Amino acid sequence: MELFELAIGSIFINNIILAQFLGICPFIGTSKKMETAVGMAMAVVFVMVMAGMITWSVDTFLLKALNVEYLRTLSFILVIASLVQFVEMFLKKSIPGLYAGLGIFLPLITTNCAVMGTCLLNIGNEYDFITALVSAFSYALGFGLALILFAGVRERVNLGRIPKPLQDTSIGLVTAGIIALTFTSFRGMV
Amino acid sequence: MAQSLAKEFTKGLWAEIPPFRLVLGLCPTLAVTKTVENGIGMGLATTFVLVFSNLLISILRNAIPPKVRIACYIVIIATFVTIVELVMQAFTYPLFLTLGIFIPLIVVNCIVLGRAEAFASKNTPVLAVADGLGIGIGFTLSLASLGAVRELIGAGTITIWGGNPVFAVGDWYHPFSFMVEAPGAFVALGLMLACMNLIGKK
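Residues numbered from 1 in each chain as written. Chains lettered and ligands numbered in written order. Predicted model: local features only at pLDDT ≥ 70, side-chain atom pairs only at ≥ 80, totals over all residues.

J.: Even after reading the chapter, I still don't get the overall build of chain A, so can you show me in this structure?
T.: Assigned secondary structure in chain A consists of nine helices and zero strands. Listing the helices and strands of chain A from first to last along the sequence gives α-α-α-α-α-α-α-α-α. Taken over C-alpha atoms, the radius of gyration comes to 17 Å for chain A, in line with the 16 Å a tight globule of 190 residues would show. Principal-axis analysis of the C-alpha atoms places the extent of chain A at approximately 60 × 45 × 30 Å. (Helix = DSSP H or I, 4+ residues; strand = E, 2+ residues; numbered from the N terminus. Rg over C-alpha atoms; globule rule 2.2 N^0.38 Å.)

Pasting the structure below:
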């Protein structure tokens, strides 16, 4: 039950993009078309869950055991970068269909702060393995949800006649603000 | 030489000021600008990382093999981020707590990696430092100004350093707390971006 509450909280209330401000660059960058938004969302779910599991293990069995927690930033980014590289090679060889679908979004995930942010949040909240896994998965779902919703709205917004200075990123951010406002209404749920 | 040095420095202050002209590094911009103080703290931490990673990458630019350059840049940047983390934890602990995970996340800030790839890897160390300093100060100014707008409207105060407001509007003002909440950050940044577009690209 606690895990269920955590999952609902991470998807809606503490949505990683709209409430925690992580992963804004891919949020703005890949939301101009629905296809790219779906591709990015899938790639993030995939990598975030794996990164959550691996960084949790690295932190518990390596950094804490050896008492070198100050190397956390350095080791997490290396783990994520090599994980992304590895996943890319693995998918290319064994599941070419999925690889073609995710395409260029996989390498971009290395610099997606949502992935590293989730890993750091899991460690900061001192979750155990299962909780960390649930949290990573639901944050990733929240990322996908916000990204796909935003892409849908943005496709419509860009058809309108927008004043020149407001075009593109500017109106995108204002739209995101209004979506974030609707998400604040989930606050009383859990 | 002096002329191009000045040019590399000043372009970060207006012509390529992040995050308005270069739309990069939006996560810290939105997350930490609840007050001017947080904005300045985040800006200075990023500036430190930018200057030193630019310097080191520029010195090593002929030694780093092109195929693994991104991985090398990330390790260099992560080293300086760790230094900033430890220094802030020791000397500015309250600020360290407010900025939270956004300090380790300077590692994945696209501005730092972007400058390493686009500038430091192709130019001499002196120019790279000028570029890093310019972009860093520009970023600090942007964060401070966005923080000022949000804090003034959202809380009716301006806090520059140390947690005490240097300016308060007064009791007659009812704070519009939308601006210091998450949705207000998006709207404020979007509108400021529109103002910058209105003033015109260089």
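J.: Could you clarify how one ought to interpret the overall build of chain B in this entry?
T.: When helices and strands are counted, chain B shows eight helices and two strands. Along chain B, helices and strands appear, N-terminal first, in the series α-α-α-α-α-α-α-β-β-α. For chain B, the C-alpha radius of gyration of 18 Å lies close to 17 Å, the compact-globule estimate for 202 residues. Across the 202 residues that make up chain B, the buried fraction comes to 48%. Within chain B, contacts between residues separated by at least 24 positions form 75% of all contacts whose residues are at least 6 apart in sequence. (Buried ≥ 20, exposed ≤ 12 C-beta atoms within 10 Å, placed from the backbone. Contact = placed C-beta atoms within 7 Å.)

J.: Can you walk me through the environment of Ile162(A) in this structure?
T.: Residue and element names in this part refer to chain A. Relative to the assigned elements, Ile162 resides in the loop between α8 (129–157) and α9 (169–183). Judged by the 14 C-beta atoms lying within 10 Å of it, Ile162 is partly exposed. Linking Ile162 and Met48, residues 114 residues apart in sequence, is a C-alpha distance of 36 Å.

J.: Got a minute to help me understand the interface of chain B and chain A in this structure?
T.: For an interface, size is often stated in terms of accessible area lost upon the parts coming together. Counting residues at the interface gives 33 residues for chain B and 31 residues for chain A. At the level of secondary structure, the elements contributing two or more residues to the side of chain B that touches chain A comprise α2 (26–32), α4 (69–91), α6 (110–120) and α8 (182–199) of chain B. Looking at the side of chain B that touches chain A, the element that brings in the most residues is α8(B), giving 12 residues. Counted by class, the side of chain B that touches chain A contains 27 nonpolar, five polar and one charged residues. (Nonpolar A, V, L, I, M, F, W, Y, C, P; charged D, E, K, R; others polar.)

J.: What exactly am I supposed to notice about the packing of helix α4 (residues 72–94) of chain A against helix α7 (residues 113–124) of chain A here?
T.: Think of two packed helices as two axes; the pair is described by the angle between the axes and how far apart they sit. Residues and elements named next belong to chain A. Where α4 contacts α7, the two axes come as close as 11 Å, and the packing angle between them is 130°. When the axes of α4 and α7 are compared, the pair comes out oblique. Along this stretch, α4 crosses α7, giving a crossing that reads as right-handed. The segment α4 lies against α7, with Phe76, Ile77 and Ile80 engaging Val115, Met116 and Cys119. Of the residues in the contact of α4 with α7, the class split is six nonpolar, no polar and no charged. (Axes fitted to C-alpha atoms, helices over the stretch in contact; angles between N-to-C directions. Parallel < 35°, antiparallel > 145°, perpendicular 65-115°, else oblique. Left-handed = near helix turned anticlockwise from the far one by under 90°.)

J.: Whenever I open this one, α8(B) confuses me. Can you help?
T.: Counted at 1.5 Å a residue, the expected span for α8(B) with its 18 residues is 26 Å, and the 27 Å between its end C-alpha atoms agrees. Of the positions making up α8(B), those classed as buried are Ala182(B), Pro183(B), Gly184(B), Ala185(B), Phe186(B), Val187(B), Ala188(B), Leu189(B), Met192(B), Leu193(B) and Ala194(B). Close packing links the buried residues of α8(B) with α9 of chain A together with α2 and α7 (125–155) of chain B. Directly beyond the C-terminal end of α8(B), a positive phi value near 110° is found at Gly200(B). (Expected span 1.5 Å × (residues − 1).)

J.: Would you mind showing me how to read the confidence of the model for chain B here?
T.: Caution applies to low-pLDDT parts of the model: their predicted coordinates are not meant to be read in detail. Residues and elements named next belong to chain B. Considering every residue of chain B, the mean pLDDT works out to 89; 99% of them sit at 70 or more. Mean pLDDT across the secondary structure elements of chain B bottoms out at strand β2 (residues 167–168), with 83, and peaks at helix α3 (residues 36–59), with 94. Across the predicted assembly, pTM comes out at 0.91 and ipTM at 0.88. (pLDDT = per-residue confidence, 0-100.)

J.: Explain unusual backbone geometry to me, please; I cannot follow it from the model alone.
T.: Negative phi values dominate among residues other than glycine, just as trans dominates among peptide bonds. For the peptide bond that leads from Pro18(B) to Pro19(B), omega is 0°, which places it in the cis range. By secondary structure assignment, the location of Pro19(B) is in the loop between α1 (2–11) and α2. For Phe21(A), which is not a glycine, the phi torsion comes out positive at approximately 55°. Tracing the backbone shows Phe21(A) in the loop between α1 (2–13) and α2 (24–29). Phi at Glu126(A) takes a positive value of approximately 55°, unusual for a residue other than glycine. With respect to the element layout, Glu126(A) can be found in the loop between α7 and α8.

J.: Whenever I open this one, the nonpolar core confuses me. Can you help?
T.: A general trend in soluble globular proteins is that nonpolar side chains are found buried together. In this structure, Val44(A), Met116(A), Phe143(A) and Ile77(B) are the most contacted members of the largest nonpolar core, which totals 112 residues. Of the residues forming this core, the biggest block, 10 residues, is contributed by α8(A). The residues contacting Met116(A), other than those within four sequence positions of it, are Phe76(A), Ile77(A), Ile80(A), Leu105(B) and Val108(B). (Core = buried A, V, L, I, M, F, W, Y, C linked by C-beta atoms within 7 Å.)

J.: What is the right way to read helix α3 (residues 34–66) of chain A from this model?
T.: Residues separated by three or four positions in an α-helix point in the same direction, a consequence of the helix having 3.6 residues per turn. Residue and element names in this part refer to chain A. The terminal C-alpha atoms of α3 lie 46 Å apart, and with 33 residues this matches the ideal 48 Å at 1.5 Å per residue to within 8%. Helix geometry: α3 is bent most strongly at Asp59, by close to 35°. Of the positions making up α3, those classed as buried are Ala37, Met40, Ala41, Ala43, Val44, Val47, Met48, Ala51, Gly52, Thr55, Trp56 and Asp59. If you follow the buried residues of α3, they end up packed against α2, α4, α5 (96–102), α6 (105–108), α7 and α8. A positive phi of about 65° marks Asn67, the residue just after α3. (Bend = angle between axes of the 7 residues up to and from the residue.)

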